[in-house]
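Next come the chains, spelled out residue by residue.
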Amino acid sequence: MTNNTTIYLIIILIISMFFKITILAQYSQQCSLFCICDTWYSLKRASCVGRHLYNIDAGAPNNVQALDLSDNVISFLNSFELKNAELTKLRYLNLSKNAISEINLNAFDGLTDLTVLDLSKNRLHYILDELFEKNQNLRILKLSNNNFNSHIPKLRSFSLMELTLDSCRISHLPLDTFNGLKHIRRLDLSNNLMIQMSNTVVQTLHFLKKLSLEGNPWSCNNVLHDLQIYLKYKNIEFDEICGKKNNSQKFEKMILLPVTISRNYHHSAIMNTSTKKIKSITKYNISNILDNKNFSICEQMINQTHIINSNDKFVSYWFLCLGFIAGISSGLVISYFWLSRKYSYNPRYWYHRQLHDDLTVSQRVSLLNSFLQGRTDSNGSLIESCPGTPPPPYRDVILRPTLYRYPSIVSNLNNNDTRYRERYT
């Protein structure tokens, strides 16, 4: 009997393996050329990533349960497009990293088993409120890295449990934003442009367990403090965004509050002087008041001196620069006027200058004439040069001008000298 049972079990295993192989072969044969078909978390998956597809209908099998169309160029989702492609058994649909800018109202109709939808990293500016109302099994919706700005989607889905709206440039949340999401448990609003957020926005989310708020330029005012108090009261997991500022403000209150309290104690001690215990309390509080006052006064003095010192340094540098510039400019102006006055109103300077110029010109002319006509002796008479002798060198003429002067030129120079003297005397 044992041998028969073992043989029977072996036959059953062989038959089951044969059926599985045939099913996988049929499934692989039905897969499109643009996709890779395999099994993913016990789901029949078709991966069509990075194929430059313009349309959702990539020829995937009808019985596919997980479809990955990420990193393509799909820009528009028509109504009943998935239903017409007979992809109604989808549970997981990934449309991230596309160029989707518009989705029609009935684009996801017929996908009753859809559980996870990823629309992140697209170009969505708005989403219709009733878009996912018919997908009753939708649990996770990813809308991160879109450009919603002020067009915040007010979705209606009673089955949705996780919603991601991070990096969507959201600056303000209306109070009724999440009224249609009653069963949401995880909400991601990180890395947006929100400054404040009222606690009434999340009061309708009775099942909320985690809220992500980091990465926003929050203004830590009373509205945000009330939100944090509400989240702590509801035991909702979140990262404190005003923790450091809260601590500093509490520390300032601890310094300022004992002043009023101690004064009250002081008045009560004056009214009730019969008890020694109250007197000791008042003394202790008065000492605390003095210490706190001295501490605050010292802090103010340090801050004021720091500001004054910085301002004095700044002003002194400016005065130094201005003084240096003024000194240079005044020196230039004074020297200019002094030189212009000296040389413009001195006739003797101009007389000697012009006389020197005329003399030098006349001397040069006489020397040249002497070169051409002849030389003079010691008495000033001309000595005729030999016809074949070359002229003397220029250096000798310059060093010994008396040997080569011309008598007529000398007389002219004397006449010029007397003429200039008569003019300027």
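Residues numbered from 1 in each chain as written. Predicted model: local features only at pLDDT ≥ 70, side-chain atom pairs only at ≥ 80, totals over all residues. Heavy atoms only, no water.

As annotated in an unreviewed UniProt entry, the protein chain carries the name Leucine-rich repeat-containing protein 4C isoform X1 and is attributed to Apis mellifera.

**Quick word on the overall build of the protein chain**
The number of helices and strands found in the protein chain is eight helices and 13 strands. Scored against the burial criterion, the 425 residues of the protein chain give a buried share of 31%. A separation threshold of at least 6 residues defines the contact pool for the protein chain, and within that pool the share at least 24 residues apart is 50%. Surface accessibility of the protein chain: about 28,500 Å² in total, with carbon and sulfur atoms responsible for 58%. (Helix = DSSP H or I, 4+ residues; strand = E, 2+ residues; numbered from the N terminus. Buried < 20%, exposed > 50% of the residue type's maximum accessible area, 1.4 Å probe, protein only. Contact = heavy atoms within 4.5 Å. Areas by Shrake-Rupley, 256 points an atom, 1.4 Å probe, with all protein chains shown as cover.)

**Focus on the packing of aromatic side chains**
Centre distance and the angle of the planes are the two values used to describe a pair of aromatic rings. In the structure shown here, the tally under the stated rule is four aromatic pairs. Ring geometry for W40 versus Y41: centroids 5.0 Å apart, planes at 80°, classification edge-to-face. Take W40: its relative accessible area is 25%, and that puts it in the partly exposed class. Measuring from centroid to centroid gives 5.7 Å for Y336 and F337, while their planes differ by 70°, and the two rings are edge-to-face. Among the residues examined, F337 registers a relative accessible area of 53% and is labelled exposed. (Phe/Tyr/Trp six-rings, centres within 6.5 Å; stacked < 30°, edge-to-face > 60°.)

**Focus on a nonpolar patch on the surface**
A contiguous nonpolar patch, built from F324, I325, I328 and L332 and spanning about 440 Å² of accessible area, is present on the exposed surface. If you trace the backbone, I325 turns up in helix α5 (residues 276-344). Residue I325 is classed as exposed on the basis of its relative accessible area, which comes to 53%. (Patch = residues over 30% accessible without salt bridge, like charges linked within 9 Å, V, L, I, M, F, W, Y side chains within 5 Å. Salt bridge = Lys/Arg side-chain N within 4 Å of Asp/Glu carboxyl O.)

**Re the state of the cysteines**
What the rule picks out here adds up to three disulfides. Note that C31 is cross-linked by a disulfide to C37, the S-S spacing being 2.0 Å. Handedness of the C31-C37 disulfide follows from its S-S torsion of about 90°: it is right-handed. For the pair shown, C31 and C37 are each scored as buried. Across a sulfur-sulfur distance of 1.8 Å, C220 and C242 are joined as a disulfide pair. Between C220 and C242, the disulfide has an S-S torsion of -90° and is therefore left-handed. Of the two residues, C220 sits in the loop between β11 (210-212) and α3 (222-233) while C242 sits in the loop between α3 and α4 (243-271), which places them 22 residues apart along the sequence. Taken N- to C-terminal, the disulfide-bonded cysteines of the protein chain are connected 1-3, 2-4, 5-6. (Disulfide = S-S within 2.5 Å.)

**Remarks on empty space enclosed by the protein**
For the structure shown, the criterion picks out one cavity of 30 Å³ or more. Reported here for the largest cavity is a volume of approximately 40 Å³. What lines the largest cavity is simply E102, I103, Y126, I127, L128 and L131. Taken together, the residues of the lining of the largest cavity sort by class into five nonpolar, no polar and one charged. (1 Å grid on protein atoms, 1.4 Å probe; cavity = no way out; pocket = protein on both sides within 12 Å on 5 of 7 lines; lining within 4 Å. Points joined across faces, edges and corners; volume = space filled by probe spheres on them. Nonpolar A, V, L, I, M, F, W, Y, C, P; charged D, E, K, R; others polar.)

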